Amino acid sequence: MTDQVNVQAAVDKFVGLVGRPLATWAESCVRCGLCAEACHFYQATKDPKYTPAWKLQPILKAHRSKTGFLGLLGIAPKVTEADLTEWEELIFDTCNMCGRCTLVCPMGIDIASITGATRQALASAGIGPADLFAAAENSRDRGSPLGLTPEKLEDRLEWLADDNEIDLPLDKEGAEVLLTVSSIEMMKYPDSIVSMGKLLNHAGVNWTFSSKGYESTNFGYLSGKSDIAKTMTLRIVEAAEALKVKTVIIPECGHAYGVMRWQAANVIGRPLPFEVFHITEYLAKLKREGKFEFKPFDEPCTYHDPCQISRRGGATEDARYLLEGLMTDFREMTPTANSNWCCGGGGGVQAIARSAPIRYKVFKIKTDQVAETGTDTLVSACANCRLTMDEAKAATKWGGKLESIVEIMASHLIEKDDD
Ligand code: SF4
Ligand code: SF4
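Residues numbered from 1 in each chain as written. Chains lettered and ligands numbered in written order. Predicted model: local features only at pLDDT ≥ 70, side-chain atom pairs only at ≥ 80, totals over all residues.

Draft legend 1. Looking closely at the overall build of the protein. When helices and strands are counted, the protein shows 21 helices and seven strands. For 419 residues, the compact-globule formula gives about 22 Å, and the C-alpha radius of gyration of the protein, at 22 Å, lands near that figure. Here the C-alpha coordinates of the protein stretch approximately 80 × 50 × 35 Å along the principal axes. A sequence separation of at least 24 residues applies to 81% of the contacts in the protein between residues at least 6 apart. (Helix = DSSP H or I, 4+ residues; strand = E, 2+ residues; numbered from the N terminus. Rg over C-alpha atoms; globule rule 2.2 N^0.38 Å. Contact = placed C-beta atoms within 7 Å.)

This is the structure:
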């Protein structure tokens, strides 16, 4: 917790922001404990404090402190400074908002959404990890969490276009499709940007990037800072409106897709004037239209479903459709698809440095799953999953490989001149 927080003011603000609908939902928990085994943080540690139901505690205690017989008499247990410190770690560092626990909850409690709302209440009270907050503020002030300003975007696109002899249009008038980026890709995995461009160009899509709205990863949402969430969302919406595009594509980033696809209209308070696709959904659409042919990718491999794209996003089958006919030795993990295990870095947890040790423990679940398939190549469609697992791979000295589905598609594309 930052030193500047006035504890009593923080408590009052947090308690004041916890509304009745959320509290009623949390109160419906029957303490069955089924969610424990569903959560990778519990699985990796066996520590009862990581049982998802425990993440309802902030809402429950805050609400009970001001309602009911004891609350109204002023004798209910109060929220304390120690509570806020404990909840900060629980709600920010050890929940990826992956939604796996909801699959097993008999009461259908969506702990991922409750975590999101609790983050908003904590952040409004000034409570949250300093590095996650800095990523959000950097997004607001400089355009992206990793400092990808509009000028840097333009420079890097020019450099990538020259180096790869490819057209990567920026602010192109008359374009029908706006492609956004995750700055993780631009700064760490630029081949992913080039690959998206190559595939869209090959399919004859009339597309562009925008210097006004490019960063799709919304650290305002992830940090609970609603004002920044709205600013980041509006940048893309207004850029799309200015270009008059009908389609916005979210790149290989799971939470970016979740926010723009499912939250954005509520965040800005009006319907989106365009369709939102994850890049895998859009490429699957192009493949169905017969726009691609691929050389076979012959290495044995498996696929990691990013939670926000598969379980929470619904694009589970599109990824498999893209792999069909391309991967000659594809093997599913167990569990997989909508029941996948999270990478451990979603929901902004990747940006919280102190969470690294527990993320590395969670990574072991994934590497064990990969080993069971008999492969050592793990393909995915989210740069944040990739970064989380790349870091864990280095820290744990895992010998496998992490690949991007878009990069494999682009590098195995049969170009028209290859015919
Ligand atoms: S949403 Fe995911 S990370 Fe959060 S408690 Fe549930 S299973 Fe665990
Ligand atoms: S599975 Fe649902 S009802 Fe059971 S303890 Fe977890 S949150 Fe509560």
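Draft legend 2. Just the nonpolar core, in detail. Judged by nonpolar contacts, the single largest core of 124 residues is most densely connected at Phe14, Ala240, Val248 and Met260. By residue number, the principal contributor to this core is helix H15 (residues 226–243), which donates eight residues. Not counting chain neighbours up to four residues away, the residues in contact with Met260 comprise Ser216, Ile236, Val248, Ile250 and Val276. (Core = buried A, V, L, I, M, F, W, Y, C linked by C-beta atoms within 7 Å. Buried ≥ 20, exposed ≤ 12 C-beta atoms within 10 Å, placed from the backbone.)

Draft legend 3. Molecular detail of the site of ligand 2. Around ligand 2 sit 14 residues, and of these Cys29, Cys32, Cys35, Ala53 and Cys105 come closest. Broken down by class, the residue content of the shell around ligand 2 amounts to 12 nonpolar, one polar and one charged. (Near = placed C-beta within 6 Å. Nonpolar A, V, L, I, M, F, W, Y, C, P; charged D, E, K, R; others polar.)

Draft legend 4. Structural detail: the site of ligand 1. Close contacts around ligand 1 come from 16 residues, with Cys39, Pro52, Cys95, Cys98 and Cys101 the closest. If you list the elements that add at least two residues to the shell around ligand 1, you get helix H8 (100–104) and helix H9 (111–124). If one sorts the elements of the shell around ligand 1 by residue count, H9 sits on top with three residues. Its residues assigned to classes, the shell around ligand 1 shows 11 nonpolar, three polar and two charged.

Draft legend 5. View of the pairing of strand S6 (residues 377–380). Going residue by residue along S6, you find Thr377 and Val379 tucked away on one face and Leu378 and Ser380 tucked away on the opposite face as well. Examined bridge by bridge, strand S5 (residues 302–303) and S6 share two bridges and lie parallel to one another. Looking across to S6, one finds that Thr302 is bridged to Leu378. With four bridges joining them, S6 and strand S7 (residues 401–404) adopt parallel strand pairing. Bridged to Val379 within S7 is Glu403. With helix H20 (residues 383–396) bridging S6 and its parallel neighbour S7, the resulting β-α-β unit is right-handed. (Pairing = 2+ DSSP bridges. Right-handed = clockwise from strand over helix to strand, strands pointing away.)

Draft legend 6. Inspection of helix H11 (residues 150–164) at higher detail. With 15 residues, H11 should cover 21 Å at 1.5 Å per step; its first-to-last C-alpha distance of 21 Å lies within 8% of that length. Backbone geometry just downstream of H11 places Glu165 in the positive-phi region, at approximately 50°. (Expected span 1.5 Å × (residues − 1).)

Draft legend 7. Summary view of unusual backbone geometry. Omega for the bond connecting Thr334 with Pro335 falls within 30 degrees of zero, at -10°, which places this linkage in the cis form. For Pro335, the location among the structural elements is in the loop between helix H18 (316–323) and helix H19 (356–373). Within the chain, Asp171 stands out as a residue other than glycine whose phi angle is a positive 55°. Examined against the element boundaries, Asp171 turns out to sit in the loop between H11 and strand S1 (177–179).

Draft legend 8. Summary view of H18. All buried positions along H18 are accounted for by Asp318, Ala319 and Leu322. Seen end-on, H18 carries its buried residues on one side only, within an arc spanning 100°. Summarising the contacts, the buried residues of H18 are in contact with helix H17 (279–288), S5 and helix H21 (405–411). (Arc of directions from axis to C-beta.)

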